[in-house]
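Here are the chains, one letter per residue:
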Amino acid sequence: MMEDSPASNFLQNIVSEDLASGRVAEVVTRFPPEPNGYLHIGHAKSISVNFGLAEANGGRCHLRFDDTNPEKESQEYIDAIQADIRWLGYTWDGEVRYASAYFQQLYDWAVYLVEQGNAYICDLSPEEAREYRGTLTESGRNSPHRDRSVEENLDLLARMKAGEFDEGARVLRAKIDMSAPNVNLRDPILYRIRKVSHHQTGTDWVMYPTYDFAHGQEDAIEGITHSICTLEFEDHRPLYDWFLEHLPVTGRPRQYEFGRLNPSYTITSKRKLKQLVDDGVVGGWDDPRMPTVAGMRRRGYTPAAIRKFCDMIGTTRGDGVVDVAMLEFAIREDLNDNAVRGMCVLNPLKVVLTDYPQDKLEELSVAAHPNRDDLGSRVLPFTRELFIDADDFRAEANKKYKRLVLGKRVRLRNAYVIEADEVIVDDEGNITAVHAHTIPGTLGENPADGIKPKGVIQWVSASHGKRAEVRLYDRLFNHEAPDKGDNAFMDYINPDSLNVVHAAWIEPSLAAAVAEQGFQFEREGYFVADRYDHSPDKPVFNRTIGLRDTWNNG
RNA sequence: UGGGGUGUCGCCAAGUGGCAAGGCACCAGGUUUUGAUCCUGGCAUUCGGAGGUUCGAGUCCUCCCACCCCAGCCA
C-alpha cells in the first residue's frame, strides 16, 4: 500500500513553499461558518481542505463561528455544526472561537481608522447609498458626508454605539475610492446598526461589523496563516488586505480561494435548502435526501466516504459540476469493504418447500462478509416457508432472466438450490405463493446432477424472519443542475424521492442492528439502521445507495 | 474600452518547454452461491480558437471566443 501523501493541489504547493521559505513557521487554517444553517456537502469540502491542509503539514485548524449578523443566526446551528464536524472526524485546535468575541477589538480598530482619517460616518439611506455607489461600468460618487471631521466622526461613532440612532440611519464606512473599478472598494460599509439581541453577546451591541471589516482581522487575531475561502470572495481580497495594512494588527494572514463544490442533481444554497425544510418538502435539515452533513449521516453515508470523495475531486480554482456518481462511488466503495451483509425481502412472495418438513429448522451459520473473515458470521434460520422477492419469480421467462422460473432452479443465497413446481393463484389471478422443492445435497455444494442454477436470490424465513420498515430514497431532484436559475429548483423535485416499504422482511439478525449501523442487503443495496427511529422491536432501515446495476434490460 | 476569474476525454483532474497521469462514467471479456465485488482490456495524434516564438508548446507571446463571480446596511 502506498503512503497516502497529501493530495497535490495548488494550496498544498503554496503551503509547501511558505514552509520552505520560512514565511510561516506553522500552518494555521480555520473553518469559519456563519451559524445560519446546517453544514452541507460544500462545507464538508471546505472542512476537508482546511483541516486537511493543517493535518498534512503538522499545523492547526481553528473552528470559528463568523457570527457578525445575529438576525439569521442561532444556537441550534452552532450546536449542529460542531456535531457535524466531529462526526466527520475532525478536531479543531483549542476552544471553539467566535467572531463576536472580538467585537470590542474590532470596534477599537474602527475608532483607530476614524482617527487616521480612513473611515467616516455616512448618513445616506440604503437606497441613496446604492445610487451613490455607481454601477459595474460607471464610477460612484462621494458621499456628502465623506469629509466630516475626525472629531465629528468620533462623536457620531460613539453615539452610534450608544444606541442613539435608528437602524439604517447611519453606517461607518471606510474611505477608500468611490471610483474604484472593484465595487468592493467604493467606501465599503464597516458597521451597520442592528438593534437585535445576539446569541453570544446578548444586547451588548446595537451595531455589528460586516464580513469585510471582520474576517481578515479575525484571522490576524488568531494567527491564521492561510485563510482559505471560495472563489466568490476573490474580489474581496483587496479589501481584506487593505484593512490589514491600515490597522495595527500583528498577524499577516493571506487569503486564497478555491472553486466551490457543485455536485450534480443537488443544491448547495443554504437559502434554498432552508426553503425545502420550511416548505415541508423534506422532513428537516437532516432528512436523508438532504445534501447536508446531518442528512448524509442519516442516509448512511460514512465520514470516510465523504472524506474520500473530497479527496477524489481535488481542490482547484475551477467551478464545474461534479458528477454525483463520484460521491456514490465513494460511498459504495467504503460500504462494500466494511458493511456486514444481510438478507431483506422488500416485496414478499411466499415460497413453500413442499419436501421440507413442517417443523424442521436448520440454523445455517454464514459469513457476515464474503471476504472479511474478521467480521465473523451470522445465523440464518431455514424453514419450510420462506419469502422471496416477487420480482425474483416468473412463471416463464427468457434465458436472460437469472432468477426463479417455474420448472427451473435457482440458488437460495447461503442455502439450498430449489426448483419451482407450481404457482398458487387466488380468485383474481394474483400469485399468492409458489410451491417448490429443494435439491438434496446442495447446501454449500453444486447439484449432483450437474444442473447448476443460473442465479442466486435472497430469502427470509417466513416463520423466523422479522418485519421491518424500509425507506427507499432516491435523488431529491431530477434535474442535473437544479441550482441554476432562481427558484426553478422547486420544479425539479423528484416526486419519487422517497418510497416507504412498511412491511419488508429481514433476516432475524438484522433486527439487532444498532442505530447508524450500515449493511449491505444483498442484491438490494446498502442500508443503515435509522439513527432515530430504529429499534429491535420496530426495525427501520434507510437505503443509503443501491448496488451498481448493469442488468439494464429486464 | 468596468473589474476579477476559469477554459486538458461525457464528469473531476495531473501536467510549470521535451513528445497527454489517474479517478468517475461508459464499453468488451473473465471469475463469482450478491446480475455486487474482484480481474483483464478499451476509451484525448490532442489540450477553447487563430496566429507567432522554438529543433521542439497543453506549457512562452499576440489577438479572439466562451463561461463564472461582483453594484446586500448577507456571508
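The structure we're discussing is the one just above.
This write-up is about the structure you can find in this document. (Residues numbered from 1 in each chain as written. Chains lettered and ligands numbered in written order. Predicted model: local features only at pLDDT ≥ 70, side-chain atom pairs only at ≥ 80, totals over all residues. Heavy atoms only, no water.)

Scanning chain A from terminus to terminus reveals 12 helices and 27 strands. In summary, chain A has a C-alpha radius of gyration of 31 Å against a globular reference of 24 Å for 554 residues, an excess of more than 25%. Considered along the principal axes of its C-alpha atoms, chain A spans approximately 100 × 55 × 40 Å. Only carbon and sulfur atoms are counted for the fraction: they give 46% of the accessible area of chain A, which is about 24,900 Å². Here chain A contributes 65 positive and 88 negative side-chain charges, whose respective centroids are spaced 3 Å apart. (Helix = DSSP H or I, 4+ residues; strand = E, 2+ residues; numbered from the N terminus. Rg over C-alpha atoms; globule rule 2.2 N^0.38 Å. Areas by Shrake-Rupley, 256 points an atom, 1.4 Å probe, with all protein chains shown as cover. Lys, Arg positive; Asp, Glu negative; His and termini not counted. Charge placed at Lys NZ, Arg CZ, Asp CG, Glu CD.)

The next subject is the protein's contact with RNA strand B. Lining the immediate surroundings of RNA strand B are 66 residues, of which R194, R341, R413, G444 and Q520 lie closest. The sugar-phosphate portion of RNA strand B accounts for 63% of its atoms within 4 Å of the protein, the bases making up the rest. Mapped by element, the contributors of at least two residues to the surface near RNA strand B are α5 (126–133), β6 (189–193), α11 (303–313) and α12 (324–338). Here the surface near RNA strand B takes four residues from α12, the largest share from any one element. Among the residues forming the surface near RNA strand B, the class breakdown is 24 nonpolar, 19 polar and 23 charged. (Near = heavy atom within 4 Å. Nonpolar A, V, L, I, M, F, W, Y, C, P; charged D, E, K, R; others polar.)

Within the largest apolar cluster, 35 residues are counted, with the highest numbers of intra-cluster contacts made by L172, L190, Y191, F213 and F243. Of all the elements in the fold, those that place two or more residues in this core are α4 (103–115), β4 (119–122), α6 (150–161), β5 (171–174), β6, β7 (207–209), α7 (211–222) and α8 (237–246). Sort the elements by how many residues they give to this core and α4 lands first, with eight residues. (Core = buried A, V, L, I, M, F, W, Y, C linked by side-chain atoms within 4.5 Å. Buried < 20%, exposed > 50% of the residue type's maximum accessible area, 1.4 Å probe, protein only.)

It is the contact of α4 with α7, at a shortest axis distance of 11 Å, that shows an interaxial angle of 115 degrees. Between α4 and α7, the interaxial angle falls into the category roughly perpendicular. For the crossing formed where α4 meets α7, the hand is right-handed. Contacts between α4 and α7 pair Q105, L106, W109, A110 and L113 from the former with F213, A214, Q217 and I221 from the latter. (Axes fitted to C-alpha atoms, helices over the stretch in contact; angles between N-to-C directions. Parallel < 35°, antiparallel > 145°, perpendicular 65-115°, else oblique. Left-handed = near helix turned anticlockwise from the far one by under 90°. Contact = heavy atoms within 4.5 Å.)

Applying the stated criterion across every chain, the model contains 23 aromatic pairs. The interplanar angle of 55 degrees and the centroid separation of 5.1 Å between the aromatic rings of F382 and Y416 together place this pair among those described as tilted. With a gap of 34 residues between them, F382 in strand β14 (residues 377–382) and Y416 in the loop between β18 (409–412) and β19 (417–425) connect regions that are remote in the sequence. Here a set of aromatic residues connected by ring pairs shows up, and it is made of F103, Y107, W205 and Y208. Its guanidinium or amino end placed over the ring of W205, K161 lies 5.0 Å from that ring's centre, counting from NZ or CZ. One cation-aromatic arrangement involves R307 over Y90; the distance from NZ or CZ to the ring centre is 4.1 Å. (Phe/Tyr/Trp six-rings, centres within 6.5 Å; stacked < 30°, edge-to-face > 60°. Lys NZ or Arg CZ within 6 Å of the ring centre and 35° of its normal.)

Once that is clear, we can look at unusual backbone geometry. For N414, which is not glycine, the phi dihedral falls at a positive 70 degrees. Checked against the element boundaries, N414 lands in the loop between β18 and β19. Judged by its relative accessible area of 27%, N414 falls in the partly exposed class. Unlike most non-glycine residues, E516 shows phi in positive territory, near 75 degrees. When you line up the elements, E516 lands in the loop between β24 (498–506) and β25 (518–521). You can call E516 partly exposed: its relative accessible area is 32%.

Residues in a regular strand project their side chains so that they alternate between the two faces of the sheet. Where strand β12 (residues 348–353) lies against strand β20 (residues 431–438), four bridges are found, and the strand directions are parallel. In the strand pairing of β20, K350 is matched with A433. (Pairing = 2+ DSSP bridges.)

So, on to a positive patch on the surface. On the surface, K399, K402, K408 and K454 cluster together into a positively charged patch. By secondary structure assignment, the location of K399 is in the loop between β16 (393–394) and β17 (404–405). (Patch = residues over 30% accessible without salt bridge, like charges linked within 9 Å, V, L, I, M, F, W, Y side chains within 5 Å. Salt bridge = Lys/Arg side-chain N within 4 Å of Asp/Glu carboxyl O.)

Within the sequence span of α11, burial applies to A305, I306, F309 and C310. Angular distribution of buried residues about the axis of α11 spans 140 degrees; they occupy a single face of the element. The elements touched by buried residues of α11 are α2 (41–56), α3 (75–87), α10 (293–299) and α12. (Arc of directions from axis to C-beta.)

Turning next to the pattern of salt bridges. Tallied over the entire structure, the rule returns 44 salt bridges. Across the pair D155 and R159 runs a salt bridge, and its minimum N-O distance is 3.1 Å. In this pair, D155 and R159 both sit in helix α6, four residues apart, roughly one turn of the helix. Taking relative accessible area as the criterion, D155 reaches 36% and is therefore assigned partly exposed. Accessibility expressed as a relative area gives 29% for R159, which makes it partly exposed. One salt-bridge network, in which partners are shared between bridges, spans D286, R298, E469, R471, D530, D533 and K538.

All right, on to the sheet that holds β18 then. Here we have seven strands laid out as an open sheet, ordered β21-β18-β19-β20-β12-β15-β22, and mixed in their pairing. A strand with exactly one partner marks an edge of an open sheet, and here the two such strands are β21 (456–457) and β22 (460–461). Note: β12 against strand β15 (residues 385–389), five bridges, orientation antiparallel. Residue pairing for β15: L349 is matched across the bridge by I388.

With that out of the way, let us pick up the pairing of strand β1 (residues 28–31). Side chains V28 and R30 of β1 all project onto a buried face; the interleaved residues T29 and F31 project onto the opposite face, where all are buried too. Pairing analysis gives four bridges linking β1 to strand β2 (residues 60–65), with the strands arranged parallel. If you follow R30 over to β2, its bridge partner there is H62. Between β1 and its parallel partner β2, the chain crosses via α2, and the hand of that crossover is right-handed. (Right-handed = clockwise from strand over helix to strand, strands pointing away.)

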